[in-house]
Amino acid sequence: MTAPRLELKGVTKRYPGVVANNNVDLTVMPGEIHALLGENGAGKSTLVKFIYGVQRADAGWMKWEGREVEIPNPKAARDLGIGMVFQHFSLFDAMTVEENIALGISAELAKGDLNSRIKEISASYGLLLDPDRYVHTLSVGERQRIEVVRCLLQSPKLLIMDEPTSVLTPQEVEELFKTLRRLSGEGVSILYISHKLQEIKELCHTATIMRMGEVVDDCDPAEETARSMAEMMMGKNLVSPERPEGIETGAPQLVVRNLDMESSDHHGVDLHGISFEVRSGEILGIAGIAGNGQTELMDVLSGEVLVDDDDSIIIGDKTVGGAGPVERRAAGMSFVPEERLGHGAVAEMTLWENAFLSGATRKDLLKSGFIQINKSSKYASEIVEQFKVKTPGVLNAANSLSGGNLQKFIFGREILQDPSVIVVLQPTWGVDAGSAAAIRQSLLDLAADGAAVLVISQDLEELFEVADRIAVICEGRLSKSWPPDEITVDEIGLLMAGIEVDPAGAAHDSEAGGHAA
Amino acid sequence: MLLRLENRGEISRAMVYASPFIAVVLTLIAGVFLFAILGVNPVDAILSFFVTPISTLDGFAELFVKGTPLVLIGVGLSFGFQANVWNIGAEGQLTVGALAGGGLALLFFESESLFLLPAMVIAGTLGGMAWAAIPAFLKTRYNTNEILTSLMLVYVALLLLSYLIHGPWKDPEGQNFPESRLFPDAGILPVMIETTRMHAGWLFALAAVATGWILIARHIIGFQIRVTGMAPMAASFAGFKEKKIIWITLLMSGGAAGLAGMIEVSGPIQQIVPNISPGYGFTAIIVAFLGRLHPVGVLFAGLLMALTYLGGENAQIEMNLPNAVTGVFQGMLLFFLLAADVLIKYRVKFGGAKTSSTAAAGEAG
């Protein structure tokens, strides 16, 4: 039996008030693709930071290929043969691929003909990458390849990948998996952090499941169902959202006609001729890769950015293209933006103040210019109670809540205003599985009560779960929409990559999938 | 060895309120060294700077005379600063307010009307507002930087003052001194404590503190200002209009500064002179920060800063120290306060830059 590539024993890390890792054991074998699975805040990042030398542990030890080691900093980790691809890339837009790679590796490695070595590696692992291209011209998927190639140049024995697929199209995910399997075949171990259970089932050989800083279980993902893994992760039986039966869709509540918008931001995306409508009782999902106009669409719909053509957006029977958020709320619209802290809520403010933030008009929390503090607090408590937000009280600041709890609070705040239309962007981004399920259920319930719901999300699983129709946004243009049973994930993937497909005709054309590669 | 700052994450609330006191103590300690270097007995100097000035009723009353404009302007400025609107030109707004209010007194120099004083209050406030409206307009219309425009307008205002008292507003019986004629009694703020200079202007400062407190804690305007400052995107999500906030905060701070200017000429000075203010408009910036941008904090900070003015004057008379000591003390106070605030947010670490950059990249993931 070969020695494990990496062995952790009893790793413990305490932060003030929290035990981030408690007595964690982990063993990764050579060539193994090992999933590290857990909700947000389960301690995955802390553990990985310890392995990569970003952070020291309070107790416990680490063996590398049978030898006990201490890793004081990331450079030492790289010297041992540990590479890491972070969720957020650290790349310079104004530099070429080669320059970016040169900056991220040791000086010795950067010497000589880096350019041809990049080409070599990218060719042999199917990671198409031109070293002379400027980073700002590359898609998110291509940027990730830079990070992967950067790691591979250092011929790692262990590659750590933190939520690598959250920014990729399904086709790009397939490509990445091919590369990872190939590396695994060559004996490279891969520590794969994710909360996407389907991917873990497909890719990983072993999974270590963490909850509240502790390892709760190890399993073979191939023998588990996504559901059973989710239950291990959360420690309770998972209730998946249920679609209420027999909903009749009513009149259009949100109508968008030929919406054009020039982005004021240099790097923003312009919107071109966007048209759709959402009827009462219906959920429309908009899929797309990040940075294809979703934020811009959200801003235009919420009234944070106004358009000249008042008729291009209609809520109920009111034209609101030129009306701000307050008027749109008065017309019955609610929104949940992508960023929780700083956009949907003010981090430093208390929960009751954050309840007041968007509820002032519809909940009548303002009396001749003065804030009704008692009434606002009551409203906030109501949200906390009905949406099961975990917090000691409404006097706590928004940033004291975990991501999932704050998102539940924000959703509760918008839903309790009885909106006729609700627009949400990335509703479960970075939210733990339990909260995500609760949030999706609340969207389904809201539609069942007759609201028109628009969900803009990069998470296809989510859209297939909740949406009655799915459309795709790519480079500021919106496709037609199809019911989920009339379009496949592959076809949506092609649309996301900007390739025209006609699901009615092409649905059974297996060649269509090949173009994205 | 390199120094670097590392984010502490959670900020200690207690330290936020303690930092002004820490800054004061550090200023005093630094002051001891400063006096020692100047060859003065530090204990005597500190006493003469901070204690003697307020040991008499007159001196104590003077604290409120100097404190009035500082508190008034400080409260006004704190609103703008909370919304990240940086009105640095309160000194100019003060000057124009003094000219508008004082001008009225000169126009009706034979008046005995009870309405003259209220009219001057309104004129002074409007004058300051009008001066602050210029940077507000430029910022909302042309996106100019209000720090620059408001600051530059200070010099325009001072030149306007200089022109008026050297020309049209010069006292015809004043032997060619660049001063206006004395205000009529009806245009002078009543004295609150007999035999001292403490005048009714202090009531305006207290009123500003009370109003400011209610506004920031309970009113929608205060709420909008705070949200705009803490999270501009959340403000736009809520539908608060950024331009409206810019206008409101500049007009409020301008109005408060204008009123302070009018109070200065109508209270202690009683005529228009070339130097209306010893830099109250600038010192009030320190007052606002020292008071944690909270009206009640500003009240205490304003009185403390008033003491540095009195102490400077007294040290000049008693100890023969240069008047610049006042400025040095005010500067040290701000410096220590800012330093303390940085240390509340960050801790200092020793270490090479090389590992710190990779560590930072690691924390992002």
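Here is what the cut-offs are and how they apply
- Residues numbered from 1 in each chain as written.
- Chains lettered and ligands numbered in written order.
- Predicted model: local features only at pLDDT ≥ 70, side-chain atom pairs only at ≥ 80, totals over all residues.
- Heavy atoms only, no water.
- Helix = DSSP H or I, 4+ residues; strand = E, 2+ residues; numbered from the N terminus.
- Rg over C-alpha atoms; globule rule 2.2 N^0.38 Å.
- Buried < 20%, exposed > 50% of the residue type's maximum accessible area, 1.4 Å probe, protein only.
- Contact = heavy atoms within 4.5 Å.
- Areas by Shrake-Rupley, 256 points an atom, 1.4 Å probe, with all protein chains shown as cover.
- Lys, Arg positive; Asp, Glu negative; His and termini not counted.
- Charge placed at Lys NZ, Arg CZ, Asp CG, Glu CD.
- Domains from an automatic or database assignment.
- Arc of directions from axis to C-beta.
- Patch = residues over 30% accessible without salt bridge, like charges linked within 9 Å, V, L, I, M, F, W, Y side chains within 5 Å.
- Salt bridge = Lys/Arg side-chain N within 4 Å of Asp/Glu carboxyl O.
- Buried area = accessible area lost by both parts, 1.4 Å probe.
- Polar contact = N/O pair within 3.5 Å; in protein donor to acceptor, adjacent residues only side chain to side chain.
- Nonpolar A, V, L, I, M, F, W, Y, C, P; charged D, E, K, R; others polar.
- Disulfide = S-S within 2.5 Å.
- Axes fitted to C-alpha atoms, helices over the stretch in contact; angles between N-to-C directions.
- Parallel < 35°, antiparallel > 145°, perpendicular 65-115°, else oblique.
- Left-handed = near helix turned anticlockwise from the far one by under 90°.
- Pairing = 2+ DSSP bridges.

Moving on, we come to the overall build of chain B. Along chain B, the regular secondary structure elements total 14 helices and 2 strands. For chain B, the C-alpha radius of gyration of 22 Å lies close to 21 Å, the compact-globule estimate for 365 residues. Expressed as lengths along the three principal axes of its C-alpha atoms, the size of chain B is roughly 75 × 60 × 35 Å. Counting every position in chain B, which comprises 365 residues, the buried fraction comes to 53%. Considering only contacts in chain B between residues 6 or more positions apart, those separated by 24 or more positions represent 78%. In the structure as shown, chain B presents an accessible area of about 16700 Å², 68% of it carried by carbon and sulfur atoms. Positive and negative side-chain charges in chain B, numbering 19 and 20 respectively, have mean positions lying 20 Å apart.

Before going further, it helps to spend a moment on the domain arrangement of chain A. When the parts of a complex come together, some accessible area is lost, and that lost area is often used as the size of the interface. Taken domain by domain, chain A comprises domain 1 (6–234), domain 2 (252–332 + 420–430 + 452–517) and domain 3 (339–418). Distance between the C-alpha centres of domain 1 of chain A and domain 3 of chain A: 37 Å.

The next thing to look at is helix α5 (residues 114–124) of chain A. All names here are of chain A. Residues L114, N115, I118, I121 and S122 constitute the buried set of α5. Taken down its axis, α5 places every buried residue within 135° of arc, on the same side. Among the exposed residues of α5, those pointing more than 90 degrees away from its buried face are E120 and A123. Once α5 finishes, G126 follows within two positions and takes phi at roughly 65°, a positive value.

Here we come to a nonpolar patch on the surface. Residues and elements named next belong to chain B. On the surface, a nonpolar cluster with roughly 660 Å² of combined accessible area is contributed by M15, I22, V25, L26, I29, F33 and I37. The topology assignment puts F33 in helix α1 (residues 13–37). Given a relative accessible area of 57%, F33 falls into the exposed group.

All names here are of chain A. A full pass over the atoms with the stated rule returns 23 salt bridges over all chains. K75 is paired through a salt bridge with D79; the nearest N and O atoms lie 3.2 Å apart. Of this pair, K75 and D79 both sit in helix α2 (residues 74–80), 4 residues apart, which is roughly one turn of the helix. Classification of K75 by relative accessible area gives partly exposed; the value is 39%. Residue D79 is classed as exposed on the basis of its relative accessible area, which comes to 56%.

Taken together, the contact pairs 34 residues of chain A with 24 residues of chain B. Taken as a group, M349, L357 and I371 of chain A account for 19% of the area that chain A buries against chain B, more than any other trio of residues on that side. Summed over the shared surface of chain A and chain B, the number is 1 salt bridge. At the junction of chain A with chain B, the criterion picks out 8 residue pairs in polar contact (both at pLDDT 80 or more). Broken down by element, the side of chain A that touches chain B gets its largest block of residues, 4 residues, from helix α12 (residues 351–359) of chain A. For the side of chain A that touches chain B, the residue count by class is 16 nonpolar, 9 polar and 9 charged.

As a further point, take the state of the cysteines. The term disulfide refers to a covalent linkage connecting the sulfur atoms of a pair of cysteines. Residue and element names in this part refer to chain A. Considering all chains together, one arrives at 0 disulfides over all chains under this definition. With no disulfide partner, C204 has as its closest neighbouring cysteine sulfur the one in C219, 9.8 Å distant. Judged by its relative accessible area of 6%, C204 falls in the buried class.

On to a negative patch on the surface, then. A cluster of acidic residues, D260, D308, D309, D310 and D311 of chain A, forms a negative patch on the protein surface. Residue position: D260 of chain A is located in strand β11 (residues 252–261).

Once that is clear, we can look at the packing of helix α11 (residues 280–290) of chain B against helix α12 (residues 295–319) of chain B. Working note: a packed helix pair is described by the angle between its axes plus the distance between those axes. Residues and elements named next belong to chain B. Closest axis-to-axis distance for the α11/α12 pair is 8 Å, and the angle between their directions is 135°. Classified by the interaxial angle, the pair formed by α11 and α12 is oblique. In terms of crossing hand, the pair formed by α11 and α12 is right-handed. Along its contact with α11, which presents Y280, T283, I286, V287, A288 and L290, the element α12 presents V298, A301, G302, L304, M305 and Y309.

Let us now look at the side chain of N100 of chain A. All names here are of chain A. On the secondary structure map, N100 appears in helix α3 (residues 97–104). On the basis of relative accessibility, which here comes to 1%, the residue N100 falls in the buried class. Filtering out sequence-adjacent residues up to four positions away, N100 remains in contact with L91, F92, M95, V135 and R150.

All names here are of chain A. A sheet is described by the order of its strands in space; here 6 strands give the open sequence β16-β19-β20-β13-β21-β22, paired in mixed fashion. Edge positions in the open sheet fall to β16 (333–336) and β22 (477–482), since each of these has one partner strand only. The sheet shows a mean angle of 15° between the axes of neighbouring strands, taken without regard to direction. In terms of strand pairing, strand β13 (residues 283–287) meets strand β21 (residues 469–474) through 4 bridges, oriented parallel. Across the sheet, residue I286 finds its bridge partner in β21, namely A471. In the packing of helix α14 (residues 403–415) onto the sheet, contacts are made with β16 and β19 (421–425), and the angle to β16 comes to roughly 175°.

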